[in-house]
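Summary of the model geometry
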Amino acid sequence: ASLDLFEEAGFENIIAKGKQLSACLIFILDDINASTSKKIIETITPRNENENGCQVSILMLEKGKEIFELLKKNGVTVDWREPNVIRLAPVPLYNTFVDIFRFGEIIKNML
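Here's a quick rundown of the structure. Keep in mind it's a predicted model, so treat the numbers as computed, not measured.

Another aspect to go through is the pairing of strand S2 (residues 56-60). In terms of burial, S2 is largely enclosed, as four of its five residues are buried. In this sheet, S2 lies alongside strand S1 (residues 41-43) in antiparallel orientation, the contact comprising three bridges. Bridging across to S2, Glu42 finds its partner in Leu59.

Rendered as structure tokens:
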């Protein structure tokens, strides 16, 4: 059944949306940093769209575990890696730009 979804959506469209979702996510993370007095997030995933997939890894310089737990409580599927890395993957077939915006709002509200 999932192959039918891939075929219906078109693989090129899926790739394009995945790159757009990741770029949007990185933009929102940069915006969060710009709105704080000091940098709190370091994006460790390459920014070049030809060097990354849909997973984005961020090094939390402050409140990492707290933010991770808050994201989970708000229904965001994320992964924690020691010492302070949150990994998330905006999947083009299942996630929307609203999901990405919501993710950013959760972090902004915590700070």
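Structure's up, so let's keep going.
We now examine a nonpolar patch on the surface. Residues Leu3, Phe6, Phe11 and Ile15 make up a contiguous nonpolar surface patch of roughly 400 Å² in combined accessible area. Contributing elements (two or more residues each) for the nonpolar patch: helix H1 (2-9) and helix H2 (11-34). As for its placement among the helices and strands, Ile15 is situated in helix H2. Judged by relative accessible area, Ile15 falls into the partly exposed class, the value being 38%.

As a further point, take the packing of aromatic side chains. Each aromatic ring pair is specified by the distance between its two centres and by the angle formed by the two planes. Within the structure shown, the criterion is met by one aromatic pair. Residues Phe68 and Trp80 carry aromatic rings whose centres are separated by 5.6 Å and whose planes lie at 45° to one another, so their mutual orientation is tilted. On the criterion of sequence distance, the pair formed by Phe68 in helix H3 (residues 64-73) and Trp80 in strand S3 (residues 79-81) is long-range, its members being twelve residues apart. The two residues Phe68 and Trp80 agree in class, both being buried.

Turning our eyes to something else, we now look at the sheet that holds S1. Spatially, four strands are ordered S1-S2-S4-S3 in an open sheet, and the strand pairing comes out antiparallel. Where the open sheet ends on each side, the last strands, each with one partner, are S1 and S3. Each strand of the sheet is rotated relative to its neighbour by a mean of 30°, with strand direction disregarded.

Helix length check: H2, at 24 residues, gives a terminal C-alpha distance of 35 Å against a target of 34 Å (1.5 Å per residue), a fit within 8%. Regarding H2, the residues found buried are Ile14, Gly18, Leu21, Ser22, Leu25, Ile26, Ile28, Leu29, Ile32 and Asn33.

A separate point is H1. For the α-helix, the turn length of 3.6 residues means that residues three or four positions removed from each other point alike. A small share of H1 lies buried, amounting to zero of its eight residues. In the stretch just after H1, Gly10 is the one whose phi turns positive, near 90°.

Our next topic: the pairing of strand S4 (residues 85-88). When S2 meets S4, the two strands line up antiparallel, connected through four bridges. Directly across from Val56, in S4, lies its bridge partner Leu88.

This part covers the packing of H3 against helix H4 (residues 97-110). At a minimum axis distance of 10 Å, the contact between H3 and H4 shows a crossing angle of 130°. Here H3 is positioned oblique relative to H4, judged by the angle of their axes. Along this stretch, H3 crosses H4, giving a crossing that reads as right-handed. In contact with Glu66, Ile67, Leu70 and Leu71 of H3, H4 contributes Phe103, Ile106, Ile107 and Met110.

What counts as what
- Residues numbered from 1 in each chain as written.
- Predicted model: local features only at pLDDT ≥ 70, side-chain atom pairs only at ≥ 80, totals over all residues.
- Heavy atoms only, no water.
- Buried < 20%, exposed > 50% of the residue type's maximum accessible area, 1.4 Å probe, protein only.
- Helix = DSSP H or I, 4+ residues; strand = E, 2+ residues; numbered from the N terminus.
- Pairing = 2+ DSSP bridges.
- Patch = residues over 30% accessible without salt bridge, like charges linked within 9 Å, V, L, I, M, F, W, Y side chains within 5 Å.
- Areas by Shrake-Rupley, 256 points an atom, 1.4 Å probe, with all protein chains shown as cover.
- Salt bridge = Lys/Arg side-chain N within 4 Å of Asp/Glu carboxyl O.
- Phe/Tyr/Trp six-rings, centres within 6.5 Å; stacked < 30°, edge-to-face > 60°.
- Axes fitted to C-alpha atoms, helices over the stretch in contact; angles between N-to-C directions.
- Expected span 1.5 Å × (residues − 1).
- Parallel < 35°, antiparallel > 145°, perpendicular 65-115°, else oblique.
- Left-handed = near helix turned anticlockwise from the far one by under 90°.
- Contact = heavy atoms within 4.5 Å.

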